Amino acid sequence: GQQLNQSPQSMFIQEGEDVSMNCTSSSIFNTWLWYKQDPGEGPVLLIALYKAGELTSNGRLTAQFGITRKDSFLNISASIPSDVGIYFCAGNSGTYKYIFGTGTRLKVLA
Amino acid sequence: GAGVSQSPSNKVTEKGKDVELRCDPISGHTALYWYRQSLGQGLEFLIYFQGNSAPDKSGLPSDRFSAERTGGSVSTLTIQRTQQEDSAVYLCASSLVGVYNEQFFGPGTRLTVL
């Protein structure tokens, strides 16, 4: 099935560093979601975005709904070891169906 | 309130046996989704329920897979005559319908077919 392109696929960073990842689509979306999945768990919703250009924060996480409505960005500031996991984006064009990204695997080195 | 729950959390079965996976959505969520996630992979859509109806079954990989939902709540995903390639984590999600239709996921059922 269709998947969104997420970049980077994986990243190793030092504790305390900031992290940036993005998600791109060939289609216009009305909603962007960002999830984090820990090993052995289901994805947990981090941030939901509903409007082009919208910037939303959740603690150290900040996500943006791209102005073209075809991309979204997630930033994590001052990373800590528990930020490790897989981050997924998901986009919706106004229907019931979300298209999910391929995931960004984050590893934090203490 | 309670989130999405799934049972069992782990299931080991022998090739050829049937399995049933259960999902209890968030109360009031009329939309329910099943996904499959193979090791280290993304989410593969299986089926979507609106109430007790399944208007989109397009992701079910074969006729060995079926799902039902009763009372607009609990859903069961059944895999008949399991094969080794069915081994994966099966995730359930539920949502409201409308603009704010974010999907909330359960913890998943890890299925291993020996």
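Above this text you will find the structure in question.
Residues numbered from 1 in each chain as written. Chains lettered and ligands numbered in written order. Predicted model: local features only at pLDDT ≥ 70, side-chain atom pairs only at ≥ 80, totals over all residues. Heavy atoms only, no water.

What exactly am I supposed to notice about unusual backbone geometry here?
For residues that are not glycine, phi is negative in most cases, and the peptide bond is trans in most cases. Along the chain, A:S7 connects to A:P8 via a cis peptide bond; the corresponding omega equals -5°. The residue A:P8 is located in the loop between β1 (5–7) and β2 (10–14) in this model. Here the amide bond leading from B:S7 into B:P8 is cis, since omega sits at -10°, within 30 degrees of zero. With respect to the helices and strands, the residue B:P8 is situated in the loop between β1 (5–7) and β2 (10–13). With phi around 45°, A:A78 is a residue other than glycine that occupies positive phi space. Following the sequence through the fold, A:A78 ends up in the loop between β8 (71–76) and β9 (85–92). By relative accessible area, A:A78 is classed as partly exposed at 37%. (Helix = DSSP H or I, 4+ residues; strand = E, 2+ residues; numbered from the N terminus. Buried < 20%, exposed > 50% of the residue type's maximum accessible area, 1.4 Å probe, protein only.)

What is the right way to read the state of the cysteines from this model?
Between two cysteines, a covalent bond joining their sulfur atoms is known as a disulfide. In total, this model carries two disulfides over all chains according to the counting rule given. Shown here is the disulfide that connects A:C23 with A:C89, its sulfur atoms set 1.8 Å apart. Between A:C23 and A:C89, the S-S dihedral sits near 40°, and the bridge is therefore right-handed. Taken together, the positions of A:C23 in strand β3 (residues 19–24) and A:C89 in strand β9 put the pair 66 residues apart, joining distant regions of the chain. Of the two residues, A:C23 and A:C89, both sit in the buried class. Disulfide pairing is shown between B:C23 and B:C92; the S-S distance is 1.9 Å. Between B:C23 and B:C92 the sulfur-sulfur dihedral comes to about -65°; the bridge is accordingly left-handed. Of this pair, B:C23 sits in strand β3 (residues 19–24) while B:C92 sits in strand β9 (residues 88–95), and the two are 69 residues apart along the sequence. (Disulfide = S-S within 2.5 Å.)

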